[in-house]
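# Residue-level structure breakdown
Take a look at the letters that make up each chain.
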Amino acid sequence: MSRLSNKVAIITGGANGIGKSTAEKFMAEGAAVAIWDVAEEQGQHLAKASQEKGFQCQFFKTDTSSPESVQQSTEAVIDTFGKIDILINNAGITRDASMKKMSMHQWQQVIDVNLTGVFNCVKAVFPHMAEQKSGRIINAASVVALYGNFGQTNYVAAKAGVIGMTKTWAREFGRKGITVNAIAPGFIATDMVGTVPQEVLDGMVNRTPMGRLGQPEDIANGYVFLASDEAAFITGTTLSIDGGLVF
Ligand code: NAD
C-alpha cells in the first residue's frame, strides 16, 4: 500500500534539488503533485517526464514571494486536482555575504522568498485544509537556523523565523486536523551548495558523524514520513536530517 495514495501535494521549489527528489518520491508513494517553481523549463520538464511514467504531476509557474502568484496557483491546483492535502514549503535561495558586506537588497531577497514566501503559501492554502479538516504543512528550515553560520545573516534569520512560524501554526491549526512541522537539512549535495567553497564543504563533512554530505533523497524521505499517516500525532517539531552535524 502506497503511503500517499489519493493525496494531493504542493511542492514549492519542486523543479530542482531536494524539491525535485521529493516530488518524485511523493509520486512513487501515490500522490498527485503540483510543482510550484519559478524555474519554468525544469518544472515543465519534470511534469512531462512524470506524466509519461503514468504519474499525476502538473507544473504551475509560481513565485512564492508574490501573494498574487501564490493565490492564483492555489486556485489552479484546486481546479486541477480538487483539493490540497499536503503543502511542502521547500523553495529557498541564498545570497550570502558577511554582515559587513551584505546589502539591503541581499537581505530583502532572502527574506522575501525564504520567510515571506512560506507565509504567503500557508496563507493561501490553509483555508482549504481547514475546510476539509485535515492537512500537512512541512517547512524547509536548515541546520544553520539552529547554530548560525558565517555569511548568512539573511538566510539564518529567515530559517529561524520558519521554525518559529512552524511552532505557532502547530498551535493554531491543530484543532483543525492540520499538522505543521519543519525539516532542518544539513549540507545536501544540490545546486544550492554549489557556491560553497570546497574546503568549507570538506570541513562540514569532517564535522559530520556520518562522514558525508546529505543527498536530496535523505530529505525527501523525511518529507514523505511527515506527510504520511504514520506521522499523524507529530506536530510543531523540527526534524534534523544532517548526519548528526547538530544535536
Ligand atoms: P535548489 O537551489 O537546488 O532548489 C531550490 C528551488 O527553489 C529551485 O528550483 C528554485 O527555482 C526554486 N525557487 C527559488 N526561488 C523561488 C521562488 N521565489 N518561488 C518558487 N520557487 C523558487 O535548493 P535545494 O538545495 O534543493 O534547497 C531546497 C530547500 O532546502 C531550500 O529551502 C533550502 O534553503 C533548504 N536547505 C538546503 C540545504 C542544502 O544544503 N542544499 C541545507 C539546508 C536547507
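Preceding this paragraph is the structure being described.
What comes next concerns the included structure. (Residues numbered from 1 in each chain as written. Predicted model: local features only at pLDDT ≥ 70, side-chain atom pairs only at ≥ 80, totals over all residues. Heavy atoms only, no water.)

### So, the environment of Asn 149
- Mapping Asn 149 onto the fold places it in the loop between helix H5 (144-147) and helix H6 (153-173).
- Owing to a relative accessible area of 26%, Asn 149 belongs among the partly exposed residues under this scheme.
- Placed 137 residues apart in sequence, Asn 149 and Thr 12 show a C-alpha to C-alpha distance of 24 Å.
- Dropping the residues within four chain positions of it, Asn 149 is found in contact with Val 144, Val 156 and Phe 187. (Helix = DSSP H or I, 4+ residues; strand = E, 2+ residues; numbered from the N terminus. Buried < 20%, exposed > 50% of the residue type's maximum accessible area, 1.4 Å probe, protein only. Contact = heavy atoms within 4.5 Å.)

### Focus: the pattern of salt bridges
- Counted according to the given criterion, the structure contains six salt bridges.
- Here Arg 212 and Asp 218 are joined by a salt bridge, their closest N and O atoms 3.0 Å apart.
- Since its relative accessible area comes to 24%, Asp 218 is described here as partly exposed.
- One continuous salt-bridge network, built from bridges that share partners, spans Arg 3, Glu 29 and Glu 230. (Salt bridge = Lys/Arg side-chain N within 4 Å of Asp/Glu carboxyl O.)

### Brief notes about the layout of surface pockets
- Of the volumes computed, that of the largest pocket is approximately 1,100 Å³.
- Looking at the largest pocket, it is lined by 44 residues, and the ones nearest its centre are Gly 92, Ile 93, Thr 94, Thr 190 and Met 192.
- Listing elements by their share of the lining of the largest pocket, those giving two or more residues are helix H1 (17-28), strand S2 (32-37), H6 and helix H8 (216-227).
- No other element matches the three residues that H1 contributes to the lining of the largest pocket.
- Counted by class, the lining of the largest pocket contains 23 nonpolar, 15 polar and six charged residues.
- Forming the walls of the second largest pocket are 15 residues, and the residues nearest its centre are Arg 212, Leu 213, Gly 214, Asp 242 and Gly 243.
- Of the residues belonging to the lining of the second largest pocket, the class tally is eight nonpolar, four polar and three charged. (1 Å grid on protein atoms, 1.4 Å probe; cavity = no way out; pocket = protein on both sides within 12 Å on 5 of 7 lines; lining within 4 Å. Points joined across faces, edges and corners; volume = space filled by probe spheres on them. Nonpolar A, V, L, I, M, F, W, Y, C, P; charged D, E, K, R; others polar.)

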